[in-house]
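Spelled out, the chains give:
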Amino acid sequence: MKDETIVDLFWRREESAIAETRTKYGRYLTKIAYRILGNLEDCEECVNDTYLKAWNSIPPQRPKTLPVYLGKITRQTAIDCYRRQTSVKRGGAEFEASLDELEECIPAGSTIEIELDGQMLSSVISQYLYTLPQDKRMLFIRRYFYCDSVKVLAKQNGCSQSKIKSTLFRMRAGLKEYLEKEGFVI
């Protein structure tokens, strides 16, 4: 079924919208959640929450690209779940590893000023990514948005893990320099 048809089902408040979404995007959404949470049961709960949030937000939202819209909801839901879990204990999911890597080049989110500038930071990071060639931009997004492991990225790109690590290191260093040039204190 086409995405526009699924969105139309949501707009008409037909419950089949959830079933069609699950059929078409269930594995994709589970993969996003699993990379952050590392636990299949938590992923299933997160993906079900995504369906509910999509149901509650369409309408009034009318997403232009349904998989991106659902992916963002899933990612944020999984991050929220991860934060709840790790406020008590530390986990070892790929999400934590990717955050550790970015820690050295992203300003800490502890001050109110930084939190208020979150949208500006997001915009500057997007600007930086568009200075990169598409293959490197996708590598960055796959690692730090979708939380793909270095091993998976190396396999997808047909190169060694050490090459992926060094490429990511150089991109993080470039991002840090770009952010500092834009006035962010690292």
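These remarks concern the structure in this document.

Cut-offs and rules
Residues numbered from 1 in each chain as written. Predicted model: local features only at pLDDT ≥ 70, side-chain atom pairs only at ≥ 80, totals over all residues. Heavy atoms only, no water. Core = buried A, V, L, I, M, F, W, Y, C linked by side-chain atoms within 4.5 Å. Buried < 20%, exposed > 50% of the residue type's maximum accessible area, 1.4 Å probe, protein only. Helix = DSSP H or I, 4+ residues; strand = E, 2+ residues; numbered from the N terminus. Salt bridge = Lys/Arg side-chain N within 4 Å of Asp/Glu carboxyl O. 1 Å grid on protein atoms, 1.4 Å probe; cavity = no way out; pocket = protein on both sides within 12 Å on 5 of 7 lines; lining within 4 Å. Points joined across faces, edges and corners; volume = space filled by probe spheres on them. Nonpolar A, V, L, I, M, F, W, Y, C, P; charged D, E, K, R; others polar. Arc of directions from axis to C-beta.

In terms of nonpolar packing, the biggest core is built from 20 residues, with Tyr-128, Phe-140, Ile-164, Leu-168, Met-171, Leu-175 and Leu-179 touching the most fellow members. For this core, the secondary-structure elements that each account for two or more residues are α7 (118-129), α8 (134-144), α9 (150-157) and α10 (161-181). Counting 17 residues, the second-largest nonpolar core is a separate cluster that includes Tyr-25, Val-47, Tyr-51 and Trp-55.

Secondary-structure assignment places Arg-35 in helix α2 (residues 16-37). When its relative accessible area of 15% is taken as the criterion, Arg-35 is described as buried.

Further remarks concern the pattern of salt bridges. All told, the structure shown has five salt bridges when counted by the stated rule. Two residues, Arg-142 and Asp-148, come together in a salt bridge whose shortest N-O distance is 2.7 Å. One network of salt bridges, with partners in common, ties together Arg-35, Arg-142 and Asp-148.

The next subject is unusual backbone geometry. Look at the link from Ile-58 to Pro-59: it is a cis peptide, with omega at -15°. Of note, Pro-59 is situated in the loop between α3 (40-57) and α4 (66-86). With an omega dihedral of 15°, the bond running from Pro-59 to Pro-60 counts as a cis peptide bond. Its location among the elements puts Pro-60 in the loop between α3 and α4. The phi dihedral of Arg-13 falls on the positive side, at around 60°, and the residue is not glycine. On the secondary structure map, Arg-13 appears in the loop between α1 (3-11) and α2. Phi is positive for Cys-147, close to 60°, though the residue is something other than glycine. Residue position: Cys-147 is located in the loop between α8 and α9. Assessed through its relative accessible area of 0%, Cys-147 is described here as buried.

Per the counting criterion, the structure on display carries one cavity of 30 Å³ or more. As for the largest cavity, its lining consists of Asp-42, Glu-45, Cys-46, Asp-49, Thr-77, Cys-81 and Arg-84. Secondary structure elements with two or more residues in the lining of the largest cavity: α3 and α4. Looking at the lining of the largest cavity element by element, the count peaks at four residues for α3. Here the lining of the largest cavity is composed, by residue class, of two nonpolar, one polar and four charged.

A separate point is the side chain of Asp-3. Turning to its location among the elements, Asp-3 is positioned in helix α1. On the basis of relative accessibility, which here comes to 18%, the residue Asp-3 falls in the buried class.

A few words on α9. Within α9, burial applies to Val-150, Leu-153 and Ala-154. When α9 is viewed along its axis, its buried side chains cluster within an angular range of 100° and face the same direction. Residues of α9 that are exposed and point over 90 degrees away from its buried face: Lys-151 and Lys-155.

These values are about where atoms sit, not about what they do.
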